[in-house]
Amino acid sequence: MIVTVTMNPSIDISYSLDRLNINTVNRTNQVTKTAGGKGLNVARVIHDLQGDVLATGMLGGIHGAFITSELEKAEIKHDFVTIKEETRNSIAVLHEGNQTEILESGPIVSEDEQAKFSDKFRELLDLAEIITISGSLPKGLPHDFYQQLVQAAQAHGVKVLLDTSGVSLEKVLSSQNKPYMIKPNLEELENLLEKTFSLEHLEDIQLALVEPLFKGIEWIIVSLGKEGAIAKHRDMFYRVTIPEINVLNPVGSGDATIAGFAYAMTKKLNPYEILRMCMATGMANARERITGHVDLANVKNYFSKVEVKKS
Ligand code: ADP
């Protein structure tokens with residue numbers, strides 16, 4: 001089974017308006033409310049691929065109950081720790097071709113709740129073949145919390161796919177306990193290394209991936225949006241290119257890439273097929289309006305069109 005970890009989920013609300021009027025009332029009947037957070041996108045895409053998945057993390061209050069009911073409706077297995085404070089809302093107002101967002105910082109997690117989650121995580125390690133950890137940490141948890149999870153998973157022989165950024169990522173990378181796979185996009189890689197890269201000089205990205213910071217990580221996939229990806233597997237580099245598609249909403253494509261990778265691992269695919277699969281799922285997500293959703297027919301079609309070359 002694949003277990004997806006979402007420590008700071010949210011209800012993603014979008015309001016579409018013809019025009020955003022300031023300092024007065026705006027009315028709309030175009031509203032969507034979905035169970036959000038990067039790890040939940042991963043869980044949904046694995047479920048769409050008909051993989052065996054369980055979603056875990058922390059949920060609180062009536063917003064938490066909404067997310068649970070959405071997972072039930074989608075028939076996705078879940079086992080979250082209940083926390084006292086309310087799970088956050090993330091609001092996007094779509095107006096005049098713009099996207100204005102209001103993001104709540106979310107709940108503050110207590111030490112007791114942290115300990116409860118750590119216990120649950122250890123229990124789930126007995127059931128998990130692969131763990132995905134995605135997104136930011138809620139307030140109250142220490143910056144090295146993901147490092148603790150990676151360490152526990154490693155001690156259990158369970159592979160961790162880690163998709164986070166900033167201090168939480170730095171803490172993991174500077175520790176002894178490396179994840180099995182990371183998937184920074186170009187901007188995240190640039191922020192991590194405090195360097196800029198250009199798509200005309202992809203060899204510089206390859207060079208950066210041999211820096212000591214990444215030593216011991218089996219797979220690094222630097223995703224490049226519509227330009228595909230550069231991947232490093234052990235000592236081997238791959239350039240992955242993808243065909244142009246008609247994109248409807250690329251939000252969550254990175255999460256779909258993680259989902260495709262995890263699914264491909266459970267199917268024991270070879271490195272070429274793993275890369276094809278995770279690009280195909282990223283693309284298939286970009287082809288949908290709904291974030292964190294893929295159509296199997298699109299995944300199969302794109303899988304056959306992704307090109308993977310050693311570089
Ligand atoms: P993130 O969402 O983490 O920023 P990317 O934008 O790099 O990640 O997207 C991950 C993958 O999803 C890409 O490597 C690619 O396979 C697919 N993808 C993303 N955007 C597009 C796009 N505009 N057209 C086609 N595929 C895309």
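Only a predicted model underlies this, so the values are computations on that prediction, with no experimental measurement involved.

### Focus: the overall build of the chain
Then comes step 1: Secondary structure summary: the chain contains ten helices and 14 strands in total.
Then comes step 2: In terms of overall size, the chain behaves like a compact globule, its C-alpha atoms giving a radius of gyration of 19 Å where 311 residues would be expected to give roughly 19 Å.
Then comes step 3: Among the 311 residues that make up the chain, the fraction classed as buried is 52%.
Then comes step 4: Within the chain, contacts between residues separated by at least 24 positions form 67% of all contacts whose residues are at least 6 apart in sequence.
Then comes step 5: Of the roughly 14,800 Å² that the chain leaves accessible, carbon and sulfur atoms contribute 49%.

### Quick look at the pairing of strand β12 (residues 229–233)
Then comes step 1: Summarising burial for β12: five of the five residues are buried, a large majority.
Then comes step 2: Residues of β12 alternate between two faces, with Ala-229, Ala-231 and His-233 on one and Ile-230 and Lys-232 on the opposite face, all of them buried.
Then comes step 3: Here five bridges tie strand β11 (residues 219–223) to β12, and the two strands are oriented antiparallel to one another. Across the sheet, the residue bridging to Val-222 is Ile-230, located in β12.
Then comes step 4: Connecting β11 to the antiparallel partner β12 that follows it, the hairpin turn spans five residues, and Gly-225 within it adopts a positive phi of roughly 55°.
Then comes step 5: Here β12 pairs with strand β13 (residues 236–241) via five bridges, running antiparallel. Residue His-233 lies in a different strand from β13, and its bridge partner there is Met-236.
Then comes step 6: Hairpin connection from β12 to β13: two residues lie between these consecutive antiparallel strands, with Arg-234 at a positive phi of about 50°.

### Considering the site of the ligand
Then comes step 1: The environment of the ligand is formed by 16 residues, the closest being Asn-185, Ser-223, Gly-225, Gly-228 and Gly-254.
Then comes step 2: One of the side-chain nitrogen or oxygen atoms of Ser-223 is found 2.7 Å away from an oxygen atom of the ligand.
Then comes step 3: The contact in question runs from an oxygen atom of the ligand to an N or O atom on the backbone of Gly-225, over 2.8 Å.
Then comes step 4: Bound to the protein, the ligand loses 85% of the 550 Å² it would expose on its own.
Then comes step 5: A per-class count over the shell around the ligand returns six nonpolar, eight polar and two charged.

### Description of the sheet that holds strand β10 (residues 181–182)
Then comes step 1: Strand order in the open sheet formed by ten strands is β5-β4-β1-β8-β9-β10-β11-β12-β13-β14, and the pairing between neighbours is mixed. Of all the strands in the sheet, the pair left with one neighbour each is β5 (77–83) and β14 (307–310).

### Focus: the sheet that holds strand β6 (residues 88–95)
Then comes step 1: Pairing is mixed across the open sheet formed by four strands, whose spatial order is β3-β2-β6-β7. The open sheet is flanked by β3 (31–36) and β7 (98–103), the only strands paired with a single partner. The sheet shows a mean angle of 20° between the axes of neighbouring strands, direction not considered.
Then comes step 2: Here β6 runs beside β7; their pairing, made up of six bridges, is antiparallel. By the bridge assignment for β7, Ala-92 is matched with Glu-101.
Then comes step 3: Along the sheet, helix α2 (residues 61–73) makes contact with β2 (10–17), β3 and β6, crossing β3 at roughly 85°.

The rules behind these values
- Residues numbered from 1 in each chain as written.
- Predicted model: local features only at pLDDT ≥ 70, side-chain atom pairs only at ≥ 80, totals over all residues.
- Heavy atoms only, no water.
- Helix = DSSP H or I, 4+ residues; strand = E, 2+ residues; numbered from the N terminus.
- Rg over C-alpha atoms; globule rule 2.2 N^0.38 Å.
- Buried < 20%, exposed > 50% of the residue type's maximum accessible area, 1.4 Å probe, protein only.
- Contact = heavy atoms within 4.5 Å.
- Areas by Shrake-Rupley, 256 points an atom, 1.4 Å probe, with all protein chains shown as cover.
- Pairing = 2+ DSSP bridges.
- Near = heavy atom within 4 Å.
- Polar contact = N/O pair within 3.5 Å; in protein donor to acceptor, adjacent residues only side chain to side chain.
- Nonpolar A, V, L, I, M, F, W, Y, C, P; charged D, E, K, R; others polar.
- Axes fitted to C-alpha atoms, helices over the stretch in contact; angles between N-to-C directions.

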